[in-house]
Amino acid sequence: MTLWVVQRATAAVLAVAVVVHLATILVAVRGGLSAAEIIGRLGGSEAWLAFYATFALAAGLHGAIGLRAIAAEWLGWRGRGFDLAWVAIGLATAAFGIRAAIGLYAA
Amino acid sequence: MIEVQVWRGDASGGGLARYAVPARANQTVLDVVTHIQREIEPDLAYRFACRVGMCGSCAMVVNGRARWTCRTHVSKVAQDGKLELRPLSNLPVIRDLATDMAPFFDRWARARGQFQPKDSADGAVPDEFAVVPPASAKRQAADAGIECIGCGVCHASCDIVAWNPDYLGPAALNRAWTLVNDVRDGARRERLDAVAGDAGCHACHSTQSCTERCPKGIDPSGAIAGLKRTLFWRVFGLDR
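Residues numbered from 1 in each chain as written. Chains lettered and ligands numbered in written order. Predicted model: local features only at pLDDT ≥ 70, side-chain atom pairs only at ≥ 80, totals over all residues. Heavy atoms only, no water.

Undergrad: Explain the nonpolar core residue by residue, including any values.
TA: Counting 57 residues, the largest nonpolar core has B:Val4 and B:Tyr167 as its most contacted members. One finds A:Ala17, A:Tyr52, A:Ala58 and A:Ala101 within the second-largest nonpolar core, a separate group that totals eight residues. (Core = buried A, V, L, I, M, F, W, Y, C linked by side-chain atoms within 4.5 Å. Buried < 20%, exposed > 50% of the residue type's maximum accessible area, 1.4 Å probe, protein only.)

Take a look at the structure:
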């Protein structure tokens, strides 16, 4: 039940975040893609940091919950042990993304 | 002649047997099975009662699709004059075309599919008749799912039932949804608890095979969505 609510809420966040992310890519690469340009846009901006941290958290949780359901149905991976593993995988995925967002903010 | 292949066997296994059945006008698939049993193979096991689409006992898999056989005309489903009949999927086979329906109805019990009168906690008949206006939204939501005959076609058609042995399934959840909308019922909270989670409505992917194949035109997928919606708002203390 809680997972389902989280899945729906993160889906709503992702729907907006992915569009913003893709639109930014489309607009940003028109002048050619360079690391300097990306850092110039994201570096030092709290708004972009917050956006990408939220995006990464939503993606990490959403992905892990979805994979949990697929693994339960197709591989029979059910139970507390697997659930804890999925929590760890979800948070680890989110942590990688958030670390990258912080890296760009601090760059 | 209709070329009919019928799955014959029991819980330990089996295979298809071939029969030739005379084609007749307005012949139903159940007529074909009955012909085989009466004229060709007296020990063929199958199940039926009413023959008019009320009792829900004659469902089988006809050419790969679960159907009520008493209301299915051979002319509508035969492919090149051929029929392949198997017992309902997702249920244990007793013998030939008869499946054990106990796991199906056990799920109704687990989903708290029994009416619990609000006015008498011990389940006795209340003293007064309840007045439920037919036009009220809750009554109409309950009416939408109440004509289920328990045939098991949705259960046999559901991928989640096949993948998740604990899943309550479309029929039990549809039943729970009719009771959640029954204003006379007093076990709403317990029922919502029973249908939540990985074995309940949240396991459903809304692929809607149940709705597509329900011979009564019921929408179990919509009922499951209703349960999800109700449970969602309950998190915020809202009763919708």
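So that's the structure; there's more coming.
Undergrad: Go over the interface of chain B and chain A with me, naming the residues and quoting the values.
TA: In this complex, chain B contributes 14 residues to the contact, which on the side of chain A involves seven residues. Taken over both partners, the interface formed by chain B and chain A buries close to 1000 Å², and the fraction arising from carbon and sulfur atoms is 62%. Ranking the residues of chain B by area buried against chain A places B:Trp163, B:His202 and B:Phe232 at the top, with a combined share of 46%. The tally of links between chain B and chain A comes to one salt bridge. (Contact = heavy atoms within 4.5 Å. Buried area = accessible area lost by both parts, 1.4 Å probe. Salt bridge = Lys/Arg side-chain N within 4 Å of Asp/Glu carboxyl O.)

Undergrad: Explain the packing of aromatic side chains to me, and be specific about the residues and the numbers.
TA: On inspection of all chains with the given rule, the structure shows 15 aromatic pairs over all chains. Each ring, one from B:Phe104 and one from B:Trp108, has its centre 5.9 Å from the other, and the planes form 65 degrees; the classification is edge-to-face. Within this pair, B:Phe104 and its partner B:Trp108 are both found in helix α3 (residues 102–110), separated by four residues, close to a single helical turn. Among the residues examined, B:Phe104 registers a relative accessible area of 1% and is labelled buried. According to the relative accessible area criterion, B:Trp108 is buried, its value standing at 17%. Linked through ring pairs, A:Trp4, B:Phe232, B:Trp233 and B:Phe236 together constitute an aromatic cluster. One Lys or Arg, B:Arg184, reaches over the ring of B:Phe115 and ends 4.6 Å from the middle of that ring. (Phe/Tyr/Trp six-rings, centres within 6.5 Å; stacked < 30°, edge-to-face > 60°. Helix = DSSP H or I, 4+ residues; strand = E, 2+ residues; numbered from the N terminus. Lys NZ or Arg CZ within 6 Å of the ring centre and 35° of its normal.)

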